[in-house]
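Letter by letter, the chains look like this.
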Amino acid sequence: MRIADSYLGHREDTAVQARLAEADPVTVVLSDTERQRSRVRTRTDDDRDLGIVVPQDLGDGDVLETGDGTPVVVELASIDALVLDLDGSDITPTAALDLGHALGNRHWDLALRDGAALFPVPDSRERMDAIVEGELPADIDYRYETVRPTLFDDDGPPDDHGHEHSHGHEHGHGDDHSHEHSHDHGIHTIDDREGDT
């Protein structure tokens, strides 16, 4: 099994681009959990066993190198995010505080984008539906989008806007299940004017 234990930089860095052009790189796709581990065993796009040993969270486009000099390009698997459309709603300050308190108690990561609040789906859409439907005022629509997990990083890249593969599912209010999942990364604001990925 090859081991990737050297971090070369990002695939857009000039020196890294030159290294990729002169070599035969392989690609790995990591989940949000895997990218945060210092040791991961995975498979490359050419179906070879690979160990990753790096002391840092990995981002989309990071490039590692194995002991035999093979560059390894990291791609991140997208995740589901709940999107609450707050822009244009008539939510009162009291209702907004109640909603913030209810969702804040779940310790979900949060990113703000152009009048919308985004939360990563911790388990399943169905369980998240059951949680938020009991908390949302009637005039706030919500849907799910597929986004990069780095959207919720404290130092997430400015070009990570969570626009890819919007499913646009609209939901009403109904079921009554509950599930909690805890994260503690804070609030992240994304400026849509910087362009899409």
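This one's a predicted model, so the numbers in the text were calculated from it and none came from an experiment.

1. Focus on the sheet that holds strand β4 (residues 49–53)
And then number 1: With mixed pairing, six strands are arranged side by side in an open sheet as β2-β6-β5-β1-β4-β3. The open sheet has two edge strands with one neighbour each: β2 (26–30) and β3 (39–43). Going across the sheet, the axis of each strand differs from the next one's by a mean of 35°, ignoring polarity.
And then number 2: As defined by bridge partners, strand β5 (residues 62–66) adjoins strand β6 (residues 71–76) across three bridges and the pair is classed as antiparallel. Looking across to β6, one finds that Leu 64 is bridged to Val 72.
And then number 3: Here helix α1 (residues 14–22) sits on the sheet and contacts β1 (2–10), β5 and β6; the angle it forms with β1, its principal contact strand, is near 135°.

2. Notes on the environment of Asp 153
And then number 1: The residue Asp 153 is located in the loop between β10 (141–147) and β11 (187–190) in this model.
And then number 2: Put simply, Asp 153 and Asp 109 are 44 residues apart on the chain and 8.7 Å apart in space, counted from C-alpha to C-alpha.

3. Some details on the side chain of Asp 62
And then number 1: Structurally, Asp 62 can be placed in strand β5.
And then number 2: The buried charged residue Asp 62 lacks any salt bridge partner; its closest oppositely charged side chain belongs to Arg 35, at an N-O distance of 7.6 Å.
And then number 3: Beyond its immediate stretch of four places on either side in the chain, Asp 62 contacts Tyr 7, Gly 9, His 10, Asp 57, Val 72, Val 73 and Val 74.

4. Re the pairing of β3
And then number 1: Of the two faces of β3, only the one carrying Val 40 and Thr 42 is buried; Arg 39, Arg 41 and Arg 43 on the other face are not.
And then number 2: Bridge count between β3 and β4: five bridges; the pairing is antiparallel. Within the sheet, the bridge partner assigned to Arg 41 lies in β4 and is Gly 51.

5. A short note on the confidence of the model for the chain
And then number 1: Of the residues in the chain, 78% have a pLDDT of 70 or more, and the chain-wide mean is 78.
And then number 2: Here β11 is the element of the chain with the lowest mean pLDDT, 41, and β5 is the one with the highest, 96.
And then number 3: Note that pLDDT drops below 50 for residues 156–197; the model gives that stretch 103 contacts with residues more than four away or on any other chain.

6. Comments concerning a negative patch on the surface
And then number 1: Negative charge collects at one region of the surface, where Asp 24, Asp 45, Asp 46 and Glu 75 lie side by side.
And then number 2: Residue placement: Asp 24 occurs in the loop between α1 and β2.
And then number 3: Judged by relative accessible area, Asp 24 falls into the exposed class, the value being 66%.

7. Quick look at the nonpolar core
And then number 1: Core analysis: the biggest nonpolar cluster contains 16 residues, and Leu 82, Leu 84 and Phe 119 have the highest contact counts within it.
And then number 2: Elements with a minimum of two residues in this core: β7 (79–85), α3 (93–104), β9 (116–120), α4 (125–133) and β10.
And then number 3: Broken down by element, the residue count for this core peaks at three residues, all from α4.
And then number 4: Discounting chain neighbours no more than four positions away, the residues touching Leu 82 are Ala 117, Leu 118, Phe 119, Val 121, Met 128, Val 132, Tyr 142, Arg 143 and Tyr 144.
And then number 5: Residues Ala 4, Leu 58, Leu 64 and Leu 76 belong to the second largest nonpolar core, which totals 13 residues.

Procedures and definitions
- Residues numbered from 1 in each chain as written.
- Predicted model: local features only at pLDDT ≥ 70, side-chain atom pairs only at ≥ 80, totals over all residues.
- Heavy atoms only, no water.
- Pairing = 2+ DSSP bridges.
- Helix = DSSP H or I, 4+ residues; strand = E, 2+ residues; numbered from the N terminus.
- Axes fitted to C-alpha atoms, helices over the stretch in contact; angles between N-to-C directions.
- Contact = heavy atoms within 4.5 Å.
- Buried < 20%, exposed > 50% of the residue type's maximum accessible area, 1.4 Å probe, protein only.
- Lys, Arg positive; Asp, Glu negative; His and termini not counted.
- Salt bridge = Lys/Arg side-chain N within 4 Å of Asp/Glu carboxyl O.
- pLDDT = per-residue confidence, 0-100.
- Patch = residues over 30% accessible without salt bridge, like charges linked within 9 Å, V, L, I, M, F, W, Y side chains within 5 Å.
- Areas by Shrake-Rupley, 256 points an atom, 1.4 Å probe, with all protein chains shown as cover.
- Charge placed at Lys NZ, Arg CZ, Asp CG, Glu CD.
- Core = buried A, V, L, I, M, F, W, Y, C linked by side-chain atoms within 4.5 Å.

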